[in-house]
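# An overview of the molecular structure
Each chain is listed here by its residues.
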Amino acid sequence: MSSETHYDVIIIGTGAGGGTLAYHLAPSGKRILLLERGGYLPREKANWDSRAVFVESRYRAKETWYDQDAKAFYPGIQYYVGGNTKVFGAALLRFRPEDFGAVRHYAGISPAWPLNYEDFEQYYTKAEDLYHVHGEHGIDPTEGRSSAPYRYPPVSHEPRIQELYDDFERLGHHPFPLPLGILLDEENGKAVHSSACVRCPAFDGFPCLVNGKADAQIICVDPALEHPNVRMITGAYVRRLETNASGRVVTRVLVDHNGAPEEYSAEIVVVSCGAINSATLLLRSANEKHPAGLANSSGVVGRHYMRHNCSAFMAISKNPNPTVFQKTLALNDFYFRSADWEFPLGEIQMLGKSDGEMINGEAPGWAVWKPEFALDFLAEHSIDFWLQSEDLPDPANRVTIDSEGKITLALEHVDLEGHHRLTAKLKEMLADIGCHDQLISRELYLGKDIPIGGTAHQAGTVRFGHDPKTSALDLNCKAHDLDNLYVVDASFFVSIGAVNPSLTIMANALRVGDHLLERLG
Ligand SMILES: Cc1cc2nc3c(=O)[nH]c(=O)nc-3n(C[C@H](O)[C@H](O)[C@H](O)COP(=O)(O)OP(=O)(O)OC[C@H]3O[C@@H](n4cnc5c(N)ncnc54)[C@H](O)[C@@H]3O)c2cc1C
Ligand code: SF4
């Protein structure tokens, strides 16, 4: 077999999971091939243009998927080197220790993981260091033990957000600095001249024009490619995986490379296409030995899809809010319960600051009921919040494909009770935090097809576990049914907690990477 087509490891997808794994394996000298369907996200002025990013969806994949009623929708998904981390908000939080156990929710149980917080702790620390996470441990009471302080200090609050922080504390809450993966070096609230990040308003949902965001391309893929043993092919859409006659070994990786068929093979094949695309790749690869799809003798592949119940809101501050970099505060006081509700509600975070263009784009829905708020007034006075609640893994919430490869994403059961209560809590606080009494939905940020099109935090479709009857992957994220197939992205999640998923994906990639280094010898 040609050395150009046979490798020690093939990694399919270069996002939070695949990119981090590539970085971890690169120094081993093993021959590694990265197959990425996208190209590099273009660096251009439009990266920071909110009309191009949010109104025209310039960087979103041009794909059509279908819901359970066969209604077409346009998923919020990006295909680039670095995956969805190219546009992520880089809020990099650890799961809370309880998230690894069974948690009772209003609508059911969030199931226990087969590993616990301590199994992940050292990898969280490594992932935080790697992704330049700026934060401070020990302030949020829901946080677990950490074996080391963050290597980088928290991103400083601008005065209006510091005021909000103080107001929350005055009300008896426990705000904490939102941990952020960012290449920022600041002094007195300003980026120093050598800092990659310049603390601009375009953080959340935008690509970074100056490479200041700690995304998987900048932090992991580019450094991995400096090793002569690592190669990446972009524009390489993996169509199918084929196995040997026994069905135990993936022997061929079939690729459409810019439209032309190519074929590669490796001792170990790692699928890391994001939770929805990894599931569809496995389902598409069905063969005689795996009639329901690769790694799917349990029937769980594609099921238990989770994506957080999220809302984006503007509150209207009575005093102007001239904040440029707003995403510096979070609050977990309602993470597990509230004084009047015994079940989890979720997390409140700041969101990137809305500007006139975004507000203009979303105006029609609410301009009617608050005509006295001119658009300019809103742009100057808005404070933006992101609310995030856990979504339970339900087998009926699932990804499927038909014989032509058409993707259907069914959301049969969604419990929003905790999320509505979280929103009500924030509303209750508005007067006490110097805001007018209405929250305005930022639908443009969320995407018009929410909840179905809100695939940003997709997870859970190829879950790991001890039991091959109820999980697709073992504890090393190797398929129970195959000897050389791994899945290292958000698919392996058993539950999703109410914190952003990426740090757990990155930590797990480092954990699985240690196993692979041992296996490769
Ligand atoms: C607007 C936005 C904001 C977000 N903010 C945050 C945040 O603040 N904090 C946080 O933790 N998370 C955030 N997320 C979520 C985060 O980006 C994802 O959780 C994370 O990127 C998922 O990692 P992954 O490895 O599972 O998949 P991805 O990062 O999506 O990577 C999958 C890769 O596989 C490639 N691929 C897919 N199919 C194929 C195929 N068939 N062949 C070859 N390549 C393929 C894709 O092009 C992509 O590069 C945000 C996401 C979005 C969209
Ligand atoms: S805030 Fe920093 S990292 Fe974010 S887009 Fe601006 S310069 Fe880039």
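Structure report, in brief.

About the cut-offs
Every chain's residues receive numbers from 1 upward, in the order its sequence appears when written. As they are written, the chains are lettered A onward and the ligands numbered 1 onward, keeping that order. Since the coordinates come from a predicted model, pLDDT governs what is reported: local features require at least 70, and pairs of side-chain atoms require 80 or more to be given and counted, while whole-chain, interface and lining totals use all residues. Excluding hydrogens and water, the side-chain values take into account all heavy atoms of the structure. When two cysteine sulfur atoms lie within 2.5 Å, the pair is treated as a disulfide. Each nonpolar core is a collection of buried residues, namely Ala, Val, Leu, Ile, Met, Phe, Trp, Tyr and Cys, held together in the definition by side-chain atoms within 4.5 Å. Partly exposed describes any residue whose relative accessible area lies between the buried limit of under 20% and the exposed limit of over 50%, with all areas from a 1.4 Å probe on protein chains only and scaled to the type maximum. For helices the rule is a DSSP run of H or I covering at least 4 residues; for strands it is a run of E covering at least 2, with both sets numbered from the N terminus onward. Residues count as neighbours in contact if any of their non-hydrogen atoms are within 4.5 Å of one another. The rule for a residue being near a molecule or strand is that one of its heavy atoms must lie within 4 Å of it. Following the grouping adopted for this structure description, the nonpolar residues are Ala, Val, Leu, Ile, Met, Phe, Trp, Tyr, Cys and Pro, the charged ones are Asp, Glu, Lys and Arg, and the polar ones are all others, Gly among them. Note on aromatic pairs: the rings of Phe, Tyr and Trp (six-membered ring only in Trp) are paired at centre separations within 6.5 Å, and the planes decide the class, stacked below 30 degrees, edge-to-face beyond 60, tilted for the rest. Polar contact is the term for a pair of N or O atoms within 3.5 Å; when the atoms are in protein, one must be able to donate a hydrogen and the other to accept it, and sequence-neighboring residues count only if both atoms are side-chain atoms. Per-residue accessibility takes into account occlusion by the displayed protein chains alone, with areas from the Shrake-Rupley method and a 1.4 Å probe. Expected helix span is taken as 1.5 Å per residue step, with the number of steps being one fewer than the number of residues. This arc describes the spread of directions from the helix axis toward the C-beta atoms.

### Some points on the state of the cysteines
Throughout the structure, instances matching the rule amount to zero disulfides. Between C477, a cysteine without a disulfide, and C273, which holds the nearest cysteine sulfur, the sulfur-to-sulfur distance is 14 Å.

### Brief notes about the nonpolar core
In summary, soluble globular proteins display a tendency toward joint burial of nonpolar side chains. Counting residues in each nonpolar core, the largest one holds 105 residues, and the members touching the most others are I12, L35, Y131, L241 and L485. Ranked by residues supplied to this core, first place goes to helix α12 (residues 502–520) with nine residues. If we ignore the near neighbours within four places in the chain, the residues touching I12 are L35, V238, L241, V253, V269, V270, V271, S272, C273 and L281. By size, the runner-up hydrophobic cluster in this structure holds 24 residues, among which are L329, F343, M429 and C435.

### Focus on the site of ligand 2
Close contacts around ligand 2 come from W48, C197, V198, R199, C200, A202, F203, C208, V210, G212, K213 and F325, and that covers them all. When the residues that make up the shell around ligand 2 are grouped by side-chain class, the tally is nine nonpolar, one polar and two charged.

### Looking at the packing of aromatic side chains
Each aromatic ring pair is summarised here by two numbers: the centre-to-centre distance and the angle between the ring planes. Across all of its chains, the model carries 20 aromatic pairs by this definition. Between W113 and F464 the ring centres are 5.7 Å apart and the planes differ by 80°, which places this aromatic pair in the edge-to-face class. Taken together, the positions of W113 in the loop between β6 (108–110) and α3 (117–130) and F464 in the loop between α11 (443–446) and β23 (485–487) put the pair 351 residues apart, joining distant regions of the chain. Both residues of the pair, W113 and F464, count as buried. Among the aromatic residues, ring-to-ring pairing joins F95, F100, W113, Y117, F120, Y124, F464, F492 and F493 into one connected group.

### Describing the environment of H193
Structurally, H193 can be placed in the loop between β11 (190–191) and α5 (216–225). Residue classification places H193 among the exposed residues on the basis of a relative accessible area of 82%. Taking the C-alpha atoms as reference points, H193 and V271, 78 residues apart in sequence, are found 40 Å from one another.

### Structural notes on the site of ligand 1
Taken together, 37 residues lie near ligand 1, and G17, E36, N84, G89 and S502 sit nearest. For ligand 1, a nitrogen atom lies 3.1 Å from a polar atom in the backbone of R37. Between ligand 1 and V238 there is a distance of 2.9 Å, counted from a nitrogen atom to a backbone nitrogen or oxygen. Here ligand 1 loses 95% of its free accessible area of 1000 Å² to cover by the protein chains. Broken down by secondary-structure element, the contributors of at least two residues to the shell around ligand 1 are α1 (16–25), β2 (32–36), β13 (236–243), α6 (275–284) and α12. Here the element with the most residues in the shell around ligand 1 is β13; it accounts for three residues. Its residues assigned to classes, the shell around ligand 1 comprises 17 nonpolar, 16 polar and four charged.

### Comments concerning helix α10 (residues 417–429)
In this model α10 runs 19 Å from its N-terminal to its C-terminal C-alpha over 13 residues, within 8% of the 18 Å that 1.5 Å per residue would give. G418, H419, L422, T423, K425, L426 and M429 are the residues of α10 that are buried. Each buried residue of α10 sits inside an arc of 155° when the element is viewed along its axis, so together they form one side. The inward-facing, buried residues of α10 abut α4 (159–170), β16 (309–317), β17 (329–331), β18 (347–350), β19 (382–389) and β22 (435–441).

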